[in-house]
Amino acid sequence: MTDFRLAPAVADAFPDTLIALVTATGLRGHEPWPQTAAALEDLEQQLADGTWQPADETDPRIEAWHTAYRSFGTNPRRIRPSVDALGRRLAKKGALPRINPAVDSYNGVSVQHGLPAGAFDLDHVTGDVDIRHADGTESFTPLGEPDTVENPKIGEIIYADTTGVLTRHWNHRDTHRTRVTEDSTHVAFVLETLHAARDGHLLKGAAEELQGLLALHAEQTAVYYLSPAQSQVTV
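Report on the accompanying structure. Residue indices begin from 1 for each chain and proceed along its sequence in written order. Where totals are concerned, whole chains, interfaces and linings use all residues; where local detail is concerned, this predicted model gives features only for residues with pLDDT of at least 70, and gives and counts side-chain atom pairs only at 80 or more. Side-chain calculation: all heavy atoms of the structure are included, whereas hydrogens and water are not.

Concerning the packing of helix α2 (residues 34-49) against helix α5 (residues 101-113)
In this analysis, axes come from line fits to C-alpha atoms, helices being fitted only over the stretch in contact, and the angle between any two N-to-C directions falls in the range 0 to 180 degrees. Per the convention used, a helix needs a DSSP run of H or I reaching at least four residues, while a strand needs a run of E reaching at least two, with both numbered from the N terminus. Between α2 and α5, the shortest axis-to-axis distance is 9 Å and the interhelical angle comes to 35°. In this structure, the crossing between α2 and α5 has a hand that is left-handed. Residues T36, L40 and L43 of α2 touch α5, and the partners they reach there are P101, D104, S105, G108, V111 and Q112. For this classification, Asp, Glu, Lys and Arg are treated as charged, while Ala, Val, Leu, Ile, Met, Phe, Trp, Tyr, Cys and Pro are nonpolar and the rest, including Gly, are polar. For the contact of α2 with α5, the per-class residue count stands at 4 nonpolar, 4 polar and 1 charged. By definition, any crossing whose near helix is turned counterclockwise from its far helix by less than a right angle is left-handed, and any crossing with a clockwise turn is right-handed. Whether two residues are in contact is decided by their heavy atoms: any pair within 4.5 Å suffices.

Rendered as structure tokens:
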């Protein structure tokens, strides 16, 4: 079991935060996921038809993350929130990347709903996970760069376990160590909003949608919510 904790200082700075943790056990990443494939193709077709477009930095959902990034010293136009970067890529190329079915599932849900998303292979997480301000001594190895080691800036919001940083700049980029692959069987997926009063219903709908895609290819799924009022959950 893994505890996810929202640090008091982060809760105080962002009191309307709501984070959905969607867990999947017995995930089968090597089989076809036709519903996920169809969902991504439908989203791309809507973009091509002009009936939908991804949220950009003028959207309140994205603007809130830009404001948050600036508050802890990150330039959001240089280091973008994950959903912002993914939406820009989709708008430019007309297609989402295809990584593997589990990652494709949360990427599609993320960009469709304008909410940052990520995922951790829990078999490679050590100890518990804290969402907290960095002290600058932590180490981070970026996804896709296993030979690179970075140190977050003091005050930057990170996800961290007992080994190191799992995500820098709150949700900009995940670490290579806990990346989700076709072989991952026990995964925690994360969806986030800073404005639960306004967008909590969007977050909960997105979490249910993601759970629905995962449940077709897992032994068990569940959804948990982390907030200042419920600052620790065990998954």
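Text resumes after the structure shown.
Considerations on helix α3 (residues 60-71)
Along its 12 residues, α3 runs 16 Å from first to last C-alpha, staying within 8% of the 16 Å computed at 1.5 Å per residue. Exposure categories follow from relative accessible area, calculated using a 1.4 Å probe and restricted to protein chains: below 20% of the type maximum is buried, above 50% is exposed, and the middle band is partly exposed. Looking only at α3, the buried set comprises I62, A64, W65, H66, A68 and Y69. Among the structural elements, α4 (82-93) and β8 (186-193) are those in contact with the buried residues of α3. Pairs of N or O atoms within 3.5 Å make up the polar contacts considered here, provided that, within protein, one atom can donate a hydrogen while the other can accept it, and that residues adjacent in sequence are counted only when both atoms are side-chain atoms. For α3, the N-terminal capping position is held by D59, with its side-chain oxygen 2.8 Å away from the main-chain nitrogen of R61. G73 sits one or two residues past α3 and shows a positive phi near 85°. Multiply 1.5 Å by the residue count of a helix minus one, and that product is the helix's expected span.

Details of unusual backbone geometry
The phi angle at H169 is positive, at roughly 50°, despite the residue not being glycine. Positive phi is not limited to glycine here, since W170 has a value of about 70°. Locating W170 in the fold gives a position in the loop between β6 (165-168) and β7 (173-174).

Details of the sheet that holds strand β10 (residues 232-234)
Across the sheet, which stays open at both edges, the 6 strands sit in the order β7-β6-β5-β4-β1-β10 with mixed pairing between neighbours. The outermost strands of the open sheet, each flanked by one partner alone, are β7 and β10. Think of it this way: DSSP has to see at least two bridges between two strands before they count as a pair. Across 4 bridges, strand β4 (residues 129-133) lies against strand β5 (residues 157-160) in antiparallel orientation. For H133, the partnering residue across the bridge sits in β5 and is I157.

Here we look at the packing of aromatic side chains
Note on aromatic pairs: the rings of Phe, Tyr and Trp (six-membered ring only in Trp) are paired at centre separations within 6.5 Å, and the planes decide the class, stacked below 30 degrees, edge-to-face beyond 60, tilted for the rest. One pass over the full model with this rule turns up 6 aromatic pairs. Both rings, one in F14 and one in W170, keep their centres 5.2 Å apart while their planes meet at 80°; by these two values the pair is edge-to-face. Note that F14 is positioned in the loop between α1 (8-13) and β2 (18-25) and W170 in the loop between β6 and β7, a separation of 156 residues in sequence. One exposure class covers both F14 and W170, and it is buried. A connected cluster of aromatic rings, assembled from ring pairs, spans F4, F120 and Y159. Cation placement over rings: the criterion is NZ of Lys or CZ of Arg within 6 Å of the ring centroid and within 35° of the ring normal. When the ring centre of Y225 is taken as reference, the NZ or CZ atom of K204 above it lies at 5.8 Å.

Remember that the coordinates give geometry; whether it matters functionally is a separate question.
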